[in-house]
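Commentary on secondary and tertiary structure
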Amino acid sequence: MTRLLLRPRSHESSFARRTADGGCSHIVLSEGEFMLVVMKAQATEEQVRAVCQKIEKLGYRSHSMPGATRTAIGITGNKGEVEQGTLEEMPGVQEVIAVSKPYKLVSRDIKEDNTVITFHGTAATIGGPGLAIVAGPCAVESREQAFTVAERVCRAGAQFFRGGAYKPRTSPYSFQGLGEEGLRIMAEIRQQFGMKIITEAIDHESLDLVEEYADVIQIGARNMQNFSLLKRAGRARKPVLLKRGMSATLEEFLMAAEYILSEGNYNVALCERGVRTFADHTRNTLDLSVVPAVQRLSHLPILVDPSHGTGKRNKVTPLSRAAVAVGADGLMVEVHHQPDQALSDGPQSLFPDQFDELMVQVRQIAAVVGRTVPAIAARETVAANG
């Protein structure tokens, strides 16, 4: 079944105008309401294309989102009125229905199948049956540091290397990252170890460089509602990992993702990284309940970051186990070979041996919930990638 999502003009009540014979030629919905054009299961590509062309003539924008059993085409924009009667009469159209959720393109109403982000030339995915394991230091401090950590996490089974080239810090005097030099170091790590690179962009200028060097653009918690940056990420050619804001509700989290998808980038993954509460035994409160909540409402994959979610090394492995058990699509873990000397977030970074043990435990739990984790790589295999 193919669905087309329309956003009609706001400021007027639903079903405002009808023709004299009772037919509905124009419908104007109130602000925040959308409509779905549901195509018949046997609708042809030509019929879908014809409906899309008709909608675009009305001044809307189409968003094609293929699924396993259907193609969903989201329509955004608010120019003109919705000609419901005309659309319902077109070949291949089954019905036109209203949708009232504030988020549209991220919703399962438009795409029932889970989004799976794939990467050319590798079996690594985000949102597939295999857990996406992202590991590395909080910040890239030097080539030696980054390569030392990369060798260990790759051998343990991580498919993605995380490391900050740009670090948004609370204090202007804290280490801010190596910038483009850090990006070049991570590009070398990808070439030698075969891991995909995830790193954060903090503004438009850094996003341009991150898009050039990295495989996944990370938007951090502090920028979750930086709407200008979200729109720029939506125009990027690379997948985006969006972290939840420190005080963001579930709806605000999904609406931030909606900004990215509305600009045409549908390869978006979410990441729970803890929220601020009154608790003083942990840096943040890791909200694992948001994982099944997101999966019920949205088709986007969601990862969990227990490092930022707790801020304490001894809590990372237990909450990694819990994240896998609750159904997360992956983990994002900070690892440093000398965390006591780290320039940022040392107290929450695992030693490489601790990460090895985390992966052993995660593999056991993943099997119980029907997920897979990459096997431990032999030292010879890691060396061969170079």
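Note that the structure is predicted; figures quoted are calculated from it, not measured.

**Focus: the layout of surface pockets**
The volume enclosed by the largest pocket comes to roughly 440 Å³. Forming the walls of the largest pocket are 25 residues, and the residues nearest its centre are Pro168, Arg222, Arg283, His308 and Asp345. With three residues, the single largest contributor to the lining of the largest pocket is strand S10 (residues 196-200). Along the lines of polarity and charge, the residues of the lining of the largest pocket split into six nonpolar, nine polar and ten charged.

**Focus: the nonpolar core**
Formed by 74 residues in total, the largest nonpolar core has its most connected members in Phe161, Ile189, Leu242 and Phe355. For this core, the leading source of residues is helix H3 (residues 143-156), giving seven residues.

**Here's the deal with the packing of helix H4 (residues 180-193) against helix H5 (residues 204-213)**
Viewed as axis vectors pointing N to C, H4 and H5 meet at an angle of 15°, and their least axial separation amounts to 10 Å. Our classification of the angle between H4 and H5 gives roughly parallel. Here H4 runs over H5; the crossing is right-handed. Where H4 abuts H5, its residues Glu180, Leu183, Arg184, Ala187 and Arg190 lie against Leu209, Val210 and Tyr213. Considered class by class, the residues forming the contact of H4 with H5 number five nonpolar, no polar and three charged.

**Thoughts on the side chain of Thr115**
In this structure, Thr115 sits in the loop between strand S5 (93-99) and strand S6 (117-118). At 3.2 Å, the side chain of Thr115 and the side chain of Lys111 are in polar contact. If we skip the residues at most four places from it in the chain, Thr115 touches Ile126, Gly127, Tyr266, His299, Leu300 and Pro301.

**Section: unusual backbone geometry**
If you check the backbone angles, Asp345 has positive phi at about 55° while not being a glycine. Residue position: Asp345 is located in the loop between strand S15 (330-334) and helix H11 (352-368).

**Focus on the pattern of salt bridges**
Counted by the stated rule, this structure contains 17 salt bridges. Put simply, Arg152 and Asp353 hold a salt bridge, and the shortest N to O gap is 2.8 Å. Of this pair, Arg152 sits in helix H3 while Asp353 is found in helix H11, placing the two residues 201 residues apart along the sequence. Linking Arg190 and Asp215 is a salt bridge whose minimum nitrogen-to-oxygen distance equals 3.0 Å. Note that Arg190 is positioned in helix H4 and Asp215 in the loop between H5 and strand S11 (216-219), a separation of 25 residues in sequence. Take Arg190: its relative accessible area is 22%, and that puts it in the partly exposed class.

**A closer look at the pairing of strand S8 (residues 132-136)**
Of all the five residues making up S8, five are buried; the element is thus mostly covered by neighbouring parts of the structure. Of the two faces of S8, both are covered, the one formed by Ala132, Val134 and Gly136 as well as the one formed by Ile133 and Ala135. Pairing analysis gives five bridges linking S8 to S15, with the strands arranged parallel. Counterpart to Val134 in the pairing with S15 is Met332. Sheet analysis places S8 next to strand S9 (residues 160-162), joined by two bridges and oriented parallel. Paired with Val134 across the bridge in S9 is Phe160. Regarding the hand of the β-α-β motif, the stretch spanning S8, H3 and S9 is right-handed.

**A few points about the packing of aromatic side chains**
All chains considered together, the criterion is met by three aromatic pairs. Judged by centre distance (5.9 Å) and plane angle (55°), the ring pair of Phe147 and Phe193 falls under tilted. With Phe147 in helix H3 and Phe193 in helix H4, this residue pair connects regions lying 46 residues apart in the sequence. Like Phe193, Phe147 is buried. Measuring from ring centre to ring centre gives 4.5 Å for Phe227 and Tyr259, while their planes differ by 25°; the resulting arrangement is stacked. Of the two residues, Phe227 sits in helix H6 (residues 227-234) while Tyr259 sits in helix H7 (residues 250-262), which places them 32 residues apart along the sequence. Looking at Phe227, the relative accessible area reads 33%, which means it is partly exposed. In this structure, Arg143 packs its charged tip against the face of Phe147, placed 4.2 Å from the ring centre.

**Some details on H7**
With 13 residues, H7 extends 18 Å from end C-alpha to end C-alpha; this agrees with the ideal 18 Å at 1.5 Å per step. Along H7, the residues classified as buried are Phe253, Leu254, Ala256, Ala257, Glu258, Ile260 and Leu261. On its buried face, H7 sits against strand S3 (61-66), H6, strand S12 (240-243), strand S13 (268-272), helix H8 (290-297) and strand S14 (302-304).

**A closer look at the environment of Gly59**
Note on placement: Gly59 falls in the loop between helix H1 (45-57) and S3. Overall, Gly59 belongs to the partly exposed group, its relative accessible area being 29%. Considering only alpha carbons, one finds Gly59 and Thr76, 17 residues apart in sequence, at a separation of 9.2 Å.

**Here we look at the environment of Arg61**
Checked against the element boundaries, Arg61 lands in strand S3. The exposure class assigned to Arg61 is partly exposed, which follows from its relative accessible area of 37%. Taking the C-alpha atoms as reference, Arg61 lies 7.9 Å from Gly74; in sequence the two are 13 residues apart.

Reading the values: the criteria
Residues numbered from 1 in each chain as written. Predicted model: local features only at pLDDT ≥ 70, side-chain atom pairs only at ≥ 80, totals over all residues. Heavy atoms only, no water. 1 Å grid on protein atoms, 1.4 Å probe; cavity = no way out; pocket = protein on both sides within 12 Å on 5 of 7 lines; lining within 4 Å. Points joined across faces, edges and corners; volume = space filled by probe spheres on them. Helix = DSSP H or I, 4+ residues; strand = E, 2+ residues; numbered from the N terminus. Nonpolar A, V, L, I, M, F, W, Y, C, P; charged D, E, K, R; others polar. Core = buried A, V, L, I, M, F, W, Y, C linked by side-chain atoms within 4.5 Å. Buried < 20%, exposed > 50% of the residue type's maximum accessible area, 1.4 Å probe, protein only. Axes fitted to C-alpha atoms, helices over the stretch in contact; angles between N-to-C directions. Parallel < 35°, antiparallel > 145°, perpendicular 65-115°, else oblique. Left-handed = near helix turned anticlockwise from the far one by under 90°. Contact = heavy atoms within 4.5 Å. Polar contact = N/O pair within 3.5 Å; in protein donor to acceptor, adjacent residues only side chain to side chain. Salt bridge = Lys/Arg side-chain N within 4 Å of Asp/Glu carboxyl O. Pairing = 2+ DSSP bridges. Right-handed = clockwise from strand over helix to strand, strands pointing away. Phe/Tyr/Trp six-rings, centres within 6.5 Å; stacked < 30°, edge-to-face > 60°. Lys NZ or Arg CZ within 6 Å of the ring centre and 35° of its normal. Expected span 1.5 Å × (residues − 1).

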